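Structural description and commentary
One-letter residues, chain by chain:
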Amino acid sequence: MINLPNFIDLHTHTRFPDKNNFPTSEINQAAKYGGYSEILAMANSEIPIDSIENLEIARGLDQNLDIKVHRVGALTKNLDGTELVNFKEFINQGVKIFSDDGKTLVDNKLAEKAFEEIAQLGGAIFQHCEKNCHINPGDIAPRENISDLIPIFDDEEFEIIERDLKFVEKYKTRYHVQHLSSKKSVELIKLAKEKNLPVTAEVTPHHLLKNQSDIDLATGNLKMYPPLRTSEDQLALINGLKSGVIDVIATDHAPHVKETKEVSFKKSARGVVGLESAFAVLLSSELFTIDELTLYMSLTPNKILKELGYDSALSKSNNWIQKSNVYKTKSFHKNSAFENFEVSVMKEELHV
């Protein structure tokens, strides 16, 4: 038996509040099967968290779950990048993290205003970095034989990071880079930390354990944003995590109904689920020790949330059994990047 602190995910898409397309129990099941007792819920639900009214709807649903849900406020109304939300209202409600995740705050003038206001209020920006997200979102990282697929070059990510870091340096805004995917981005974060800027970053299990050579264009199983890139990028992410440039592993758990994933890569929705599989596949990869994963998945996420005033706590009630098996998703949405992955641990039997 392996006994660990509970995991905390800094990047979960609950999908609710919505119009009853996604049962709230799905997140509850996936989190508990994966050892997570706290999640940071992104604002890009069908009913976006861009007003206090919508925040209250979300919190009403969150109360029905066994896990603790920390809420993120949107950066802009309807996440469309044209009008900032009322940051002060959210902070008065205990929400200090803002993100348009799924989209980027691309407009330079509006972004600078957001960095300035949020810094003055003691909040934080968690940025999804995709330069063309509003005008021409792509499909896949550049590679040969992609036919009608739109390439997503790494400058889409690192140019936004580069711009944002200038605002961080100017206003000292607390800044967190979501789901890093490229070597260049890791280098930028390293330079920011050497300047002692208030910056942290995350990486997903799928970007650590897979690269673009694993993609089968006949399916949408590995279509996500940011895309899987080269083995060189993958190695830079692993080394960035181990060296402390990247702070946490976050799942970017993004449930999709099977009809939107069991199609061609071009037609597929972007995103994979990750709460349930994260620890099992990461430990089984033998790239990371239990102590490292505890740091990346429990201790540091807890520290980041507590520093921003969120009520986050750790308890040692996360039990795993050492047993070789083939990973199969138990929870409702099964768009995992790791179905049939060979694992060496299993979560103790749970009744969710």
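Nothing here was measured: the structure is a model prediction, and the numbers come from that model.

For the protein, the helix and strand inventory stands at ten helices and eleven strands. For the protein, the spread of C-alpha atoms along the principal axes amounts to about 50 × 45 × 45 Å. Across the 352 residues in the protein, those meeting the buried criterion constitute 58%. When contacts within the protein are restricted to residue pairs at least 6 apart in sequence, those whose partners lie at least 24 apart make up 77%. On the protein, roughly 14400 Å² of surface is accessible, and the fraction owed to carbon and sulfur atoms is 48%. When the 41 basic and 52 acidic side-chain charges of the protein are each reduced to a single mean position, those positions are 2 Å apart.

With respect to the helices, strands and loops of the structure, Glu262 is situated in the loop between β9 (248-249) and α9 (278-284). Overall, the relative accessible area of 62% leaves Glu262 in the exposed class. Distance from Glu262 to Leu40, taken between C-alpha atoms, is 28 Å for residues 222 residues apart in sequence.

A few words now on the packing of helix α5 (residues 155-171) against helix α6 (residues 183-194). Look at α5 against α6: their axes get within 9 Å of each other, and the N-to-C directions meet at 15 degrees. Classified by the angle their axes make, α5 and α6 are roughly parallel. Relative to α6, the crossing made by α5 is left-handed. Here α5 contributes Glu157, Phe158, Ile161, Glu162 and Leu165 to the contact with α6, which in turn contributes Lys184, Ser185, Leu188, Ile189 and Ala192. Tallied by class, the residues present in the contact of α5 with α6 amount to six nonpolar, one polar and three charged.

Another aspect to go through is the packing of aromatic side chains. Evaluated as defined, the whole model comprises nine aromatic pairs. Between Phe288 and Tyr296, the ring centres sit 6.1 Å apart and the planes meet at 90 degrees, which makes this aromatic pair edge-to-face. Owing to a relative accessible area of 4%, Phe288 belongs among the buried residues under this scheme. It is Lys330 that lies over the ring of Tyr33; its NZ or CZ is 5.4 Å from the centre. Positioned above the aromatic ring of Trp320, the side-chain terminus of Lys347 is 5.7 Å from the ring centre.

The rules we used
Residues numbered from 1 in each chain as written. Predicted model: local features only at pLDDT ≥ 70, side-chain atom pairs only at ≥ 80, totals over all residues. Heavy atoms only, no water. Helix = DSSP H or I, 4+ residues; strand = E, 2+ residues; numbered from the N terminus. Buried < 20%, exposed > 50% of the residue type's maximum accessible area, 1.4 Å probe, protein only. Contact = heavy atoms within 4.5 Å. Areas by Shrake-Rupley, 256 points an atom, 1.4 Å probe, with all protein chains shown as cover. Lys, Arg positive; Asp, Glu negative; His and termini not counted. Charge placed at Lys NZ, Arg CZ, Asp CG, Glu CD. Axes fitted to C-alpha atoms, helices over the stretch in contact; angles between N-to-C directions. Parallel < 35°, antiparallel > 145°, perpendicular 65-115°, else oblique. Left-handed = near helix turned anticlockwise from the far one by under 90°. Nonpolar A, V, L, I, M, F, W, Y, C, P; charged D, E, K, R; others polar. Phe/Tyr/Trp six-rings, centres within 6.5 Å; stacked < 30°, edge-to-face > 60°. Lys NZ or Arg CZ within 6 Å of the ring centre and 35° of its normal.

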